[in-house]
Every structure is written in structure tokens, then in C-alpha cells.
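Structure at a glance
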Amino acid sequence: MKLTVVGCSGSFPSAESACSSYLVEADGFRLLLDMGNGALGELQRHCGLYDLDAIFLSHLHADHCIDMCAYFVARYYRHEGGRCDPIPVYGPEGTEHRLTTAYADTPTASSMSEVFDFHTVKPSTFDIGPFTVHTERVAHPVEAYGIRIEHGGRSLTYSGDTGLSPALTELARDTDLFLCEAAFTHGKENIPDLHLNGREAGETATRAGARRLVLTHIPPWTDPQVNLADARAVFDGPVSLATPRQSYEI
């Protein structure tokens, strides 16, 4: 598998990065994890607008899904070759309604479903193209999911947005690459069931036995170097910060 960071800023785009969006590729299949603010523009550095095969939305906060409204425009109003066939979109219950409401003026109430084939995510195991995926509910104020993606004996786990979560630890068990949010700073913010800090991300990776940890979803007001040091203090494996346009072979 190949993982490419399209955007990794938390809460709102930074001067350097769009919000959360990650491209996973294998066997010619392209799966996008989240499409937050600014992600659609950045995505075009890595693949064509119509080259995605499926999309997974971890939850329905704007910094993880709002560019789906712009992507709707690109798919619905495409002139050359006619309207795009529906692309599978996996998201929490109510995803279609959320995106339709956010767009505010779709031609009809069902226009989104003409270009997006919506599938409701629950804790389960299923296939998306060549990938076997496992989804688990994580700790966040809205319905939110972490995802584990397996292919060819290798695994990638993406936390989405979450506070401390036993389900996330199990999802990341022995994973090859753990892409984990670290929005908070240890000793500064302490809001249960919202976000992790760098230390908590490192501790989760240690408990899970993850082989590699990549910290992501760090908002512009958080010092990423502090979170990186905090994670390294409690996790013995390789730790790095997600950066836009960085790719990882898994």
C-alpha cells in the first residue's frame, strides 16, 4: 500500500496544509480517507478529479468532510463525457443529509446520491476494492470512526478524531503504520473524549504494539515539535509528523 498525506492540519487549514485528507493506493485502486477544508485542491497534485475509486469519511465535522461539497460540483456538473457515475462514499449515519445541508442549494434533495453512492458505516469488517477494512467507533462528540486497512499482509490504521479509546488501541493492534491524531498539548488541554495529545498518541501506539507512528491533525495553534517529543518519550518505535505531500510505502 501507498499512503500519501493530502492534508493534515487540524480544525482549519494552516498556511502549509489543508485539513485532514489521506490517499491510500494499492493495485491501481485509490481510496481517500476524509476530505476536509482545502483538500480537493491539494488532491489534484496526486490524482485526477475523477480518478478516485472510493471515499471514507471518519466523521462529519467540517475539517474532515466539507470539501465533499466542492467535489459534488465537480462530479455533478462535469460537462465533458457527461455526469460521473456514483462513487462509493462510506460515512456515519446521516452523511448524505449533512452534505446536502452544507451545500445548501442542491438541485433536488437527492442530487448528492446521483454522484455519491452512500454507505452507512458501523463497527464492522468489509471490503473496499482490494482492501479489507475494519471500522470501530471512537471517542468524539459526534459519531466518529477509526479505520484499519489491510492489504497484502500489511496494515494501516487511521484514528480519525478521538480522545482516549480502547477501541482504537485494538484497531491499531500490531499495525504497520498508525496514523494518529495529536491535536492537544500534554499538560495544556484536558477535554475528555475530544482529542489526543502527543503523549496519549504515543501511549496508544505502545499499548497497541504499532510498528510506526505518524502524528497528524495538529492544529495551527499547537506546537508540533512538542507533541513529537512527547510521543517519542513513551513510544520506542519510529515517530514522525505528517506533512503535506509526504508518501509512505506500507
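Our structure's up above, just so we're on the same page.
Reference entry: report on the structure contained in this document. (Residues numbered from 1 in each chain as written. Predicted model: local features only at pLDDT ≥ 70, side-chain atom pairs only at ≥ 80, totals over all residues. Heavy atoms only, no water.)

Examining the sheet that holds strand E2 (residues 21–26)
Judged by pairing direction, the sheet is mixed, and its seven strands sit side by side in the order E6-E5-E4-E3-E2-E1-E14 without closing on themselves. Where the open sheet ends on each side, the last strands, each with one partner, are strand E6 (116–120) and strand E14 (247–249). The mean inter-strand angle of the sheet, taken between neighbouring strand axes irrespective of direction, is 20°. Looking at chain direction, strand E1 (residues 2–7) and E2 are connected through five bridges and run antiparallel. What sits directly across from Leu3, in E2, is Val24. Seen against the sheet, helix H3 (residues 67–76) touches strand E4 (54–56), strand E5 (87–91) and E6 and runs at an angle of roughly 140° to E6. (Pairing = 2+ DSSP bridges. Helix = DSSP H or I, 4+ residues; strand = E, 2+ residues; numbered from the N terminus. Axes fitted to C-alpha atoms, helices over the stretch in contact; angles between N-to-C directions. Contact = heavy atoms within 4.5 Å.)

Comments concerning the side chain of Asp63
Note that Asp63 resides in helix H2 (residues 62–65). One buried charged side chain, Asp63, makes no salt bridge at all; its nearest oppositely charged neighbour is Arg98, positioned 8.0 Å away. With sequence-adjacent residues up to four places away left out, Asp63 is seen in contact with Gly10, Ser11, Cys19, Ser20, Gly36, Asn37, Asp161 and His217. (Buried < 20%, exposed > 50% of the residue type's maximum accessible area, 1.4 Å probe, protein only. Lys, Arg positive; Asp, Glu negative; His and termini not counted. Salt bridge = Lys/Arg side-chain N within 4 Å of Asp/Glu carboxyl O.)

Quick look at the pairing of E5
With respect to burial, E5 is a largely interior element, four of its five residues being buried. The pairing of E4 with E5 spans two bridges and is parallel. Paired with Phe56 across the two strands is Tyr90, which belongs to E5. Taken together, the five bridges between E5 and E6 define a ladder with parallel strand orientation. Residue pairing for E6: Ile87 is matched across the bridge by Phe116.

Brief notes about unusual backbone geometry
Where the residue is not glycine, phi is negative for most of them; where a peptide bond is considered, it is trans in most cases. Even without being a glycine, Asp34 presents a positive backbone phi close to 70°. Here Asp34 is to be found in the loop between strand E3 (29–33) and helix H1 (39–43). Even without being a glycine, Arg245 presents a positive backbone phi close to 75°. Within the secondary structure, Arg245 is located in the loop between strand E13 (239–241) and E14. For Arg245, a relative accessible area of 47% gives the class partly exposed.

Here we look at the sheet that holds strand E9 (residues 145–151)
Strand order across the open sheet formed by seven strands is E7-E8-E9-E10-E11-E12-E13, with mixed pairing between neighbours. Only two strands of the sheet have a single partner each, and these edge strands are strand E7 (124–128) and E13. Neighbour to neighbour, the strand axes of the sheet diverge by 20° on average, direction disregarded. Here three bridges tie strand E12 (residues 213–216) to E13, and the two strands are oriented parallel to one another. Residue pairing across strands places Val214 opposite Ser240, the latter belonging to E13. Relative to the sheet, helix H7 (residues 198–208) contacts strand E11 (177–181) and E12, its axis offset from that of E11 by approximately 150°. Relative to E13, helix H8 (residues 224–232) is tilted by about 165°, and along the sheet it contacts E12 and E13.

Points about the pattern of salt bridges
In total, this model carries eleven salt bridges according to the counting rule given. Across the pair Arg245 and Glu42 runs a salt bridge whose closest N-O atoms are separated by 3.6 Å. Within this pair, whereas Arg245 is found in the loop between E13 and E14, its partner Glu42 is found in helix H1, the two being separated by 203 residues in sequence. The shortest N-O distance in the salt bridge between Glu203 and Arg199 comes to 3.2 Å. Remark: Arg199 and Glu203 occur in helix H7; sequence separation between them is four residues, near one turn of the helix. Residue classification places Arg199 among the partly exposed positions, given a relative accessible area of 31%. Taken together, the shared-partner salt bridges in this structure form one network comprising Glu42, Arg45 and Arg245.

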